[in-house]
Amino acid sequence: MNKQVHSYDVEAATRRILIERGVTIEDIADIVMQMQKPYNDNVMIEDCIESVNAVLGKREMQHAILVGVELDKLAEKNMLSEPLQSIVETDEGLFGVDETIGLGAVFGYGSIAVTTYGHLDKQKVGIIKELDTKEGNGVHTFLDDLVASVAANAASRLAHRLRDREEHLAEEEIQKRDQEERIG
Ligand SMILES: [Ca+2]
């Protein structure tokens, strides 16, 4: 029988891999802040951090990060087969699988997540830009899109939560909705 991996281990590995690749929760929260500020002047960095943490608790997001970053790491070590090695290593212009993996993980958080992801993909805000331009400093072909995906999900989640709060939904109801979001 195959060994079942505990979800705590998967989440811990996801968090570890982000730190290992130079991306902190705060880096992602800063992007969320920039995305939400124009729509909600009262948004606090703590809200953004909380939202990023919640998104990282989602299995679909964890799996996307683990797959994408693994490919970045293998490319860095020259361990992919050609021609994929060269394509990933050079972040070849027409290679879109990195964007597709990031996009695939934003559907669970609704249309705001999808449009925010598209915006981040074009504008490359904050750490995303740093990763995108980190020439000669490792391969981050997948990581920039995955960070955009986490940030877009966290921004969408936060937008909905802020509205729930405005409408004075009971904290219990907000928590319940959150648990349901986690499935997927
Ligand atoms: Ca990319």
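The present account deals with the structure reproduced in this document. Everything numeric in this text was worked out from a predicted model, so none of it was measured.

**As for the overall build of the protein**
Across its full length, the protein holds 10 helices and zero strands. Shown N-terminal to C-terminal, the secondary structure of the protein runs as helices and strands in the order α-α-α-α-α-α-α-α-α-α. For the protein, whose C-alpha radius of gyration is 17 Å, the value lies close to the compact-globule estimate of 16 Å for 184 residues. The principal-axis extent of the C-alpha atoms belonging to the protein is close to 55 × 45 × 25 Å. Buried residues in the protein amount to 34% of all 184 residues. In the protein, once contacts between residues fewer than 6 apart in sequence are set aside, the share between residues at least 24 apart is 77%.

**Considerations on the packing of helix α3 (residues 45–55) against helix α9 (residues 143–166)**
In a packed pair of helices, the relevant descriptors are the angle between the two axes and the axis-to-axis distance. Direction vectors running N to C along α3 and α9 enclose 115 degrees, while the axes themselves pass 8 Å from each other. The handedness of the crossing between α3 and α9 is right-handed. Where α3 approaches α9, its residues Asp 47, Cys 48, Ser 51, Val 52, Ala 54 and Val 55 are matched on the opposing element by Val 150, Asn 153, Ala 154, Arg 157 and Leu 158. Taken together, the residues of the contact of α3 with α9 break down into seven nonpolar, two polar and two charged.

**Quick look at the packing of helix α4 (residues 59–76) against α9**
It is at 9 Å that the axes of α4 and α9 come closest, and there the two elements cross at 165 degrees. By the angle between their axes, α4 is roughly antiparallel relative to α9. The hand of the α4/α9 crossing is left-handed. Contacts from Met 61, Ala 64, Ile 65, Gly 68, Val 69 and Asp 72 in α4 reach Leu 143, Leu 146, Ser 149, Val 150 and Asn 153 in α9. Of the residues in the contact of α4 with α9, the class split is seven nonpolar, three polar and one charged.

**Some remarks on the environment of Gln 175**
Relative to the elements of secondary structure, Gln 175 occurs in helix α10 (residues 171–182). Distance from Gln 175 to Arg 161, taken between C-alpha atoms, is 9.9 Å for residues 14 residues apart in sequence.

**Brief notes about α4**
The terminal C-alpha atoms of α4, which comprises 18 residues, lie 26 Å apart, in line with the 26 Å expected from a rise of 1.5 Å per residue. In this fold, the buried residues of α4 make contact with α1 (7–20), α3, α5 (84–89), α6 (97–104) and α9. The positive-phi residue at the C-terminal boundary of α4 is Asn 78, with phi of around 65 degrees.

Rules and cut-offs
- Residues numbered from 1 in each chain as written.
- Predicted model: local features only at pLDDT ≥ 70, side-chain atom pairs only at ≥ 80, totals over all residues.
- Helix = DSSP H or I, 4+ residues; strand = E, 2+ residues; numbered from the N terminus.
- Rg over C-alpha atoms; globule rule 2.2 N^0.38 Å.
- Buried ≥ 20, exposed ≤ 12 C-beta atoms within 10 Å, placed from the backbone.
- Contact = placed C-beta atoms within 7 Å.
- Axes fitted to C-alpha atoms, helices over the stretch in contact; angles between N-to-C directions.
- Left-handed = near helix turned anticlockwise from the far one by under 90°.
- Nonpolar A, V, L, I, M, F, W, Y, C, P; charged D, E, K, R; others polar.
- Parallel < 35°, antiparallel > 145°, perpendicular 65-115°, else oblique.
- Expected span 1.5 Å × (residues − 1).

The values are spatial; any link to function lies outside them.
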